Amino acid sequence: ALDAATAICQRHGRFSQTWTTLARLHESSGNHSEARDALQRGLKAVDPSGRQSLARSLAVLELLHVDRKAGIKNLRNVAQQDPRDITSRSLLLTLQEVRAETKLAEQLLEEIRKVRGERSRLWRRHRASLWLNENRWRNNQDNLIAELDKWMLQDPETSFAALTLARLYLHLAKESQV
């Protein structure tokens, strides 16, 4: 499979998906340096429209397998290059290191809101997660409960709102036991 993917990259190297496939094959075999090399070669070969996804894939690979700090920095750079890149911003908001930087997390959340709006599931999910993780739920518990209730009514298919509400009630129960 690696030989076939390499040959496809040589013939159709301007398409980002070919390089992503090659990198994933290397990654699945545990060869992270070869995966990184494939993505770096792909960044030089692909059409400009495909560079963002390859740069994001490279940042995630570095984050998970090479150098976590460099991966976070590179993912931030990818997000900064495109104000509409919600995927990179969302990935960043899942990282504890980013959530610990309150200003950065709030900035990323606001950038998601500007693109997707306040009715967006993604924006709501990250906002609720930030409130719970930063212990801001103490000051905002009524608003948070109301927002989660509203979200569950608007989108009964989502389990995230219900699970987040359960998490909040667990925090409240612990607080009342103190």
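As the structure is a prediction and not an experimental result, all values here were calculated from the model. (Residues numbered from 1 in each chain as written. Predicted model: local features only at pLDDT ≥ 70, side-chain atom pairs only at ≥ 80, totals over all residues. Heavy atoms only, no water.)

So, about the layout of surface pockets. Looking at the largest pocket, its volume works out to about 150 Å³. Surrounding the largest pocket, Thr20, Ala23, Arg24, Glu27, Leu39, Ser57, Val60, Leu61 and Leu64 form its lining. Among the secondary structure elements, those contributing two or more residues to the lining of the largest pocket are helix H2 (16–28) and helix H4 (51–66). Classifying every residue of the lining of the largest pocket gives 5 nonpolar, 2 polar and 2 charged. (1 Å grid on protein atoms, 1.4 Å probe; cavity = no way out; pocket = protein on both sides within 12 Å on 5 of 7 lines; lining within 4 Å. Points joined across faces, edges and corners; volume = space filled by probe spheres on them. Helix = DSSP H or I, 4+ residues; strand = E, 2+ residues; numbered from the N terminus. Nonpolar A, V, L, I, M, F, W, Y, C, P; charged D, E, K, R; others polar.)

Moving on to empty space enclosed by the protein. As enumerated under the stated definition, the model contains 1 cavity of 30 Å³ or more in all. One number sums up the size of the largest cavity: a volume of about 40 Å³. What lines the largest cavity is Arg124, Arg127, Ala128, Leu144, Glu147, Leu148 and Trp151. Of all the secondary structure elements, the ones that give two or more residues to the lining of the largest cavity are helix H9 (121–133) and helix H10 (137–154). It is H10 that provides the largest number of residues to the lining of the largest cavity, a total of 4 residues. Class assignment for the residues of the lining of the largest cavity results in 4 nonpolar, no polar and 3 charged.

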